[in-house]
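# Residue-level structure breakdown
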Amino acid sequence: MAPLAEHSGLDAIAARHAQAMASRGELFHVSDLAGAVSGVVPTWTSVGQNVGAGKSIAEIEQLMASSAIHRANILGDYTLLGSGAATGADGRFWVSQIFVKAGTTPPPPQTPPAATPPPSAAPPLPARAPTPGRPTPTAASRSAPRTLIAAAGPVAPTHIEAATSGTSVPTDGIVGGASVRVRRWSRPLRSTGYWLAAADGGVFAYGQAPFLDSLAGEALNAPVVALAPLRSGAGYWMASADGGVFAFGRARYYDSLAGHPLNAPIVDMAPRPDGTGYWLASSDGGVFGFGAAAYQGSLTGGQLDAPVVAIASSPSGGGYWLASADGDVHAFGDAPDLGGLAGRPLAAPIVGLKPTPTGEGYRLVGADGGVFAFGDAIYAGSLAGKPLNGSIIDLDPTASGQGYRLLASDGGVFAFGDASFAGSVAGQPINAWSPRR
């Protein structure tokens, strides 16, 4: 038979899954294998997975080769292989193998980042009605029907499971409810527009920011907590508190935590600047990397004085910052440590952190609209001490680094420095806002 080609993207999925099994001490399959594979092999036509745990990798491999269903995957009609292994706390080895047959249709081209002239300062304009949204399917169901997986049972004494080809069709597995509230926002670097995202997954586009669909009208297991764009502005992701990830436009899906037990809810999302992966951060300081977003460390296991509220990527994608509600900032990978507000009296908790374009600075923003600049970040004004109809929940810097916008929980938008105002949800007849989680 022709050899299987090793695929680094599949290796990453398999390695991450092996570590997850080792950490939980139980065998299980990738909850959305179709979606995970779509993120790295968009043209796949069939997939399969073998997982196993035992006292040695050699023993697991021998059992897989002796099992008809596992051997069928190993010798199946596939062209690509991803594999990963991890060691559990009890010394057992955990193995994950992912088999993929790739199709011949090329993936859609990615729009390269476009240069952005610094926007000129402009006074606030009257708010206009937001761009209407409509429901969207999940990333996995946007493609033509494909072959999914069906699980087989474990084999004792060394445990192995196989997922083999089946005939199921992708479906939207989203159920539950959520209240509406603007949570996170961002702006495509090529334009003078921005998006507002609500907790029910509704998206409102302003200026030149394109509306690329939303989750409005869909039932969600947990509220949306973050919206993160591609640098080109041609796509964006949304993340929910249960770790679900939803991709729109040209943003690619690289797996999620939906369906996995979490010690604490997800509070923020940060994509790699090149769009090849993203991190999710939980309130207990946990960090989860997907795609090419490499894990560089977390705060889990330590004593936190305040919950983590934000994560942001360094310009290279080789590191990230975590910010806590007390203003403490923790740097990982190549993200520089430029200080924080821990130990200082604050009028309101910190709710966000955003770096400067150089990565040599960042700003913290408080729920009262206070702005705190570090490194090469400039201070261009704040709302501290001013009456607000809703608390501030995020800050969005301009491409030049010379300005920023503040977003309030009632959908209000406030521009400072060279940031432009293109509209807001404030005063619009929409569902009532819910308190910040």
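Okay, so let's go over this structure. This structure is a prediction, so every number in the text was calculated from the model and none was measured. (Residues numbered from 1 in each chain as written. Predicted model: local features only at pLDDT ≥ 70, side-chain atom pairs only at ≥ 80, totals over all residues. Heavy atoms only, no water.)

## Regarding the overall build of the chain
Assigned secondary structure in the chain consists of 4 helices and 24 strands. Relative to its full complement of 437 residues, the chain shows a buried share of 52%. Look at the contacts in the chain between residues 6 or more apart in sequence, and 52% of them connect residues 24 or more apart. Of the roughly 17,500 Å² that the chain leaves accessible, carbon and sulfur atoms contribute 56%. (Helix = DSSP H or I, 4+ residues; strand = E, 2+ residues; numbered from the N terminus. Buried < 20%, exposed > 50% of the residue type's maximum accessible area, 1.4 Å probe, protein only. Contact = heavy atoms within 4.5 Å. Areas by Shrake-Rupley, 256 points an atom, 1.4 Å probe, with all protein chains shown as cover.)

## Section: the pattern of salt bridges
Opposite charge on two side chains makes pairing possible when the charged atoms of those side chains draw close. The tally for this structure, following the rule as stated, stands at 7 salt bridges. Measuring nitrogen to oxygen at the nearest pair gives 2.9 Å for the salt bridge that ties Arg-272 to Asp-274. For Asp-274, a relative accessible area of 45% gives the class partly exposed. (Salt bridge = Lys/Arg side-chain N within 4 Å of Asp/Glu carboxyl O.)

## With respect to the nonpolar core
Counting residues in each nonpolar core, the largest one holds 19 residues, and the members touching the most others are Trp-237, Val-245, Met-269, Tyr-278, Leu-280 and Phe-290. When residues of this core are traced back to their parent elements, those giving at least two are strand 10 (224-229), strand 11 (235-240), strand 12 (245-249), strand 13 (266-271) and strand 14 (277-282). In terms of residue count, the dominant contributor to this core is strand 10 (3 residues). Contacts of Met-269, omitting those with residues within four sequence positions, involve Ala-226, Ala-228, Trp-237, Met-238, Ala-239, Val-245, Tyr-278, Trp-279, Leu-280 and Ile-311. Membership of the second largest hydrophobic core comes to 15 residues, among which are Ala-323, Ala-325, Val-329 and Ala-335. (Core = buried A, V, L, I, M, F, W, Y, C linked by side-chain atoms within 4.5 Å.)

## Here we look at helix 1 (residues 8-24)
Taking 1.5 Å as the rise per residue, helix 1 with 17 residues should run 24 Å; its terminal C-alpha atoms sit 24 Å apart, in good agreement. Regarding helix 1, the residues found buried are Gly-9, Leu-10, Asp-11, Ile-13, Ala-14, His-17, Ala-18, Met-21 and Ala-22. A positive phi of about 70° marks Gly-25, the residue just after helix 1. (Expected span 1.5 Å × (residues − 1).)

## A short note on the packing of aromatic side chains
Counted under the stated rule, the structure contains 12 aromatic pairs. Ring centres 5.8 Å apart and planes at 40° place the aromatic pair Tyr-278 and Phe-290 in the tilted group. Remark: Phe-290 occurs in strand 15 (residues 287-291) and Tyr-278 occurs in strand 14; sequence separation between them is 12 residues. Across the pair, exposure class does not vary: Tyr-278 and Phe-290 are buried alike. Relative to Phe-416, the ring of Tyr-404 lies with its centre 5.7 Å away and its plane at 35°, an arrangement referred to as tilted. Taken together, the residues span a long stretch of sequence, with Tyr-404 in strand 23 (residues 403-408) and Phe-416 in strand 24 (residues 413-417) at a distance of 12 residues. What makes Tyr-404 buried here is its relative accessible area of 0%. Within the aromatic cluster, the residues linked to one another by ring pairs are Trp-237, Tyr-254, Tyr-278 and Phe-290. (Phe/Tyr/Trp six-rings, centres within 6.5 Å; stacked < 30°, edge-to-face > 60°.)

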